[in-house]
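# A look at the structure
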Amino acid sequence: MNLRASEAIFARAQRVLPGGVNSPVRAFRAVGGTPPFIVRGKGSRIWDLDGNEYIDFVGSWGPLILGHSYPPIVEAVQKAVQDGLSFGAPTAREVDMAECIVSMVPGVDLVRMVNSGTEAVMSALRLARGATGRDKIIKFEGCYHGHSDAMLVAAGSGALTQGEPNSAGVTKGAASDTLTAQFNDLPSVAALLEANKGQVAAVIVEPVAANMGVIPPADGFLPGLRRLCDQYGCLLIFDEVITGFRLAPGGAQQYFGVQADLVTFGKIIGGGMPVGAYAGRRELMEQIAPLGPVYQAGTLSGNPVAMAAGLAQLEILRDNPGYYVEMERKAQGMAHELRESAQKYGLPLTVNQIGGLLCPYFTEGPVRTFADTQKSDLDRFKAYFHHMLERGIYLAPSQFEAVFVNVSHTEDDMVAALAAAGQAMAAL
């Protein structure tokens, strides 16, 4: 594969951007090599500077559920741009978007638009603290909730522990009120709540852990979190930056039948444009300024172009629930065939799949916790990744990211991807 143009611009990028990128995973440090620099996308395909064509299973890390350059979304953006890029003032599109979200997502009465998933989570946590008068937050090891200080914490030396910073620049004070439990382990949550009785404002969770690969919740885990939060008087926050509108039209709350108190969304509500939101029931959301004492603001929040793109996408998803059935069918088929190929060539492989999300781990199963993911053979994944890239299959450059199956993926795309995977596993 020729990547000369990408190599040349990556060399330029490293002189003016930290690591040559504006988000760390793009630098390919986990897999090695030069990242292809992308110039355009259409449907399920993307093309790089050197003219290489790929079937894309990243989809801008999830939001392009209808594919690249989907005509109704492009048309909505073009029309919005003609009216102006931003105003820093109210527009009707913000209201249309909020009404659409309220109509689709269970338990949501009010929505506040922000500019990213990180900002949505940061704001929801502040709201939880303000509404409950408590300071501590419980998160789960291996779940990612953006790069705000309170969420950049590691589990520390024990399984049930006060958070320790896992990024330079995060103070121990900022991390000290974040407690870390184990995903799919209700007793670890109960122990933290009991040890910190009356101090925990919220439990925040990815309903499907999609930042350590893909780990679905164990049976009873999400309902159990709901019961524990009710028992100890704290809020349950679903971080649906990945799962929102991707598992079902109403997101994880609809898919699993469990209602959170607050929910956060990311770029899927912008059709791939930079945007986020947090939402919840009325009595909580009315604690936000200008109605209540919890301050949060954003000059460009509710950007009219992003609102136009996102509204076009959400309305299509709302009106076509069969898309979710089709994505799940394709993802299930892909997971099955990957397992079959691994077995054929004697490779240890566990494939987790739910909805249109899946992740192949190069390890014997099962993979149900963060500790399980750490058994993955990272060298084998690196080799697999580059074999797939050489064969025109664009995957996330990390073992611990999801494969996103989208509406735009055709049967031919799936056949081509599985053929490439078979060849890659044969080579491994």
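Residues numbered from 1 in each chain as written. Predicted model: local features only at pLDDT ≥ 70, side-chain atom pairs only at ≥ 80, totals over all residues. Heavy atoms only, no water.

Let's shift gears to the pattern of salt bridges. Scanning all chains against the criterion turns up 15 salt bridges. Measuring nitrogen to oxygen at the nearest pair gives 3.0 Å for the salt bridge that ties R226 to D261. One end of the pair, R226, is in helix 7 (residues 221-232); the other, D261, is in the loop between helix 8 (251-256) and strand 12 (262-265), and 35 residues separate them in sequence. We classify D261 as buried; its relative accessible area is 7%. For R281, the salt bridge identified is with E283, shortest N-O distance 2.6 Å. (Salt bridge = Lys/Arg side-chain N within 4 Å of Asp/Glu carboxyl O. Helix = DSSP H or I, 4+ residues; strand = E, 2+ residues; numbered from the N terminus. Buried < 20%, exposed > 50% of the residue type's maximum accessible area, 1.4 Å probe, protein only.)

For the pair helix 2 (residues 71-83) and helix 10 (residues 304-319), the least separation of the axes is 8 Å and the interaxial angle reads 155 degrees. Considered as vectors, helix 2 and helix 10 are oriented roughly antiparallel to each other. The two elements helix 2 and helix 10 cross, and the hand of that crossing is right-handed. Facing helix 2, whose interface residues are P72, I73, A76, V77, A80 and V81, helix 10 presents P304, V305, A308, A309, A312, Q313 and I316. For the contact of helix 2 with helix 10, the class distribution of residues is 12 nonpolar, one polar and no charged. (Axes fitted to C-alpha atoms, helices over the stretch in contact; angles between N-to-C directions. Parallel < 35°, antiparallel > 145°, perpendicular 65-115°, else oblique. Left-handed = near helix turned anticlockwise from the far one by under 90°. Contact = heavy atoms within 4.5 Å. Nonpolar A, V, L, I, M, F, W, Y, C, P; charged D, E, K, R; others polar.)

Between its first and last C-alpha, helix 1 (residues 4-16) extends 19 Å over 13 residues, near the 18 Å set by a 1.5 Å rise per residue. Within helix 1 the residues assigned to the buried category are S6, F10 and A13. Angular distribution of buried residues about the axis of helix 1 spans 60 degrees; they occupy a single face of the element. Those residues of helix 1 that are exposed and angled more than 90 degrees off the buried face are R4, R12 and R15. (Expected span 1.5 Å × (residues − 1). Arc of directions from axis to C-beta.)

Before going further, it helps to spend a moment on the environment of I55. For I55, the position within the fold is in strand 3 (residues 53-56). Sequence separation between I55 and A120 is 65 residues; the distance between their C-alpha atoms is 31 Å. If we skip the residues at most four places from it in the chain, I55 touches S44, R45, G392, I393, Y394, H409, D413 and A416.

Further remarks concern the sheet that holds strand 3. Backbone hydrogen bonds hold the strands of a sheet together, and the pairing may be parallel or antiparallel. Sheet architecture is open: four strands sit in the order 1-2-3-16, paired in mixed fashion. Edge positions in the sheet fall to strand 1 (38-42) and strand 16 (393-394), since each has one partner strand and no second. One ladder, built from three bridges, connects strand 2 (residues 45-48) with strand 3; its direction is antiparallel. When the sheet's bridge partners are listed, I46 is paired in strand 3 with Y54. (Pairing = 2+ DSSP bridges.)

The omega angle of the peptide bond from A289 to P290 is 15 degrees, so this bond is cis rather than trans. Residue P366 is reached from G365 by a cis peptide bond, and omega for that bond is -5 degrees. Counting through the fold element by element, P366 comes out in the loop between strand 15 (357-361) and helix 12 (370-373). For N184, which is not a glycine, the phi torsion comes out positive at approximately 70 degrees. As for its placement among the helices and strands, N184 is situated in the loop between strand 9 (178-181) and helix 6 (186-195).

What follows is about helix 4 (residues 117-132). Think of an α-helix as 3.6 residues a turn; residues three or four steps apart then line up on the same face. The end-to-end C-alpha separation of helix 4 is 22 Å, in line with the 22 Å expected for 16 residues at 1.5 Å each. Burial in helix 4 covers these residues: G117, T118, E119, A120, V121, S123, A124, L125, L127 and A128.

Taken residue by residue, a regular strand's side chains alternate between the two faces of the sheet. Counting buried positions along strand 10 (residues 200-205) yields six of six residues, so the element is predominantly enclosed. Where strand 10 lies against strand 11 (residues 235-239), four bridges are found, and the strand directions are parallel. Each bridged residue has a counterpart across the sheet, and for A202 the counterpart in strand 11 is L235. In this fold, strand 10 hands off to helix 7, which returns the chain to strand 11; that crossover is right-handed. (Right-handed = clockwise from strand over helix to strand, strands pointing away.)

Once that is clear, we can look at empty space enclosed by the protein. Any empty space left between atoms is shown by rolling a water-sized probe over those atoms. Inspection of every chain in the model, using the stated rule, returns one cavity of 30 Å³ or more. Roughly 110 Å³ of internal volume is contained in the largest cavity. Every residue lining the largest cavity is counted, 15 residues in all, and those nearest its centre are P360, F381, Y384, L395 and V403. Looking at the lining of the largest cavity, the elements with two or more residues in it are helix 11 (322-344), strand 15 and helix 13 (378-390). Its residues placed into classes, the lining of the largest cavity shows 12 nonpolar, two polar and one charged. (1 Å grid on protein atoms, 1.4 Å probe; cavity = no way out; pocket = protein on both sides within 12 Å on 5 of 7 lines; lining within 4 Å. Points joined across faces, edges and corners; volume = space filled by probe spheres on them.)

On to the pairing of strand 1. Looking at chain direction, strand 1 and strand 2 are connected through four bridges and run antiparallel. Bridging from a neighbouring strand, I38 pairs with D48 of strand 2. What sits between the antiparallel neighbours strand 1 and strand 2 is a turn of two residues, in which G43 has the positive phi angle 60 degrees.

Our next topic: the side chain of E206. Residue placement: E206 occurs in the loop between strand 10 and helix 7. Nearest to the buried, unbridged E206 among oppositely charged side chains is K139, at 8.0 Å. (Lys, Arg positive; Asp, Glu negative; His and termini not counted.)

Across the sheet, which stays open at both edges, the three strands sit in the order 14-15-17 with antiparallel pairing between neighbours. Looking at which strands have only one partner, the edges of the open sheet turn out to be strand 14 (350-354) and strand 17 (403-404). Two elements, strand 14 and strand 15, share five bridges in a ladder whose sense is antiparallel. Residue I354 lies in a different strand from strand 15, and its bridge partner there is L357. Sitting on the sheet, helix 11 is in contact with strand 14, strand 15 and strand 17, with an inclination near 175 degrees to strand 14.

Here the focus is the side chain of D239. Tracing the backbone shows D239 in strand 11. Within the structure, D239 has its side chain in polar contact with the backbone nitrogen of V241 (distance 3.1 Å). At 3.3 Å, the side chain of D239 and the side chain of T264 are in polar contact. (Polar contact = N/O pair within 3.5 Å; in protein donor to acceptor, adjacent residues only side chain to side chain.)

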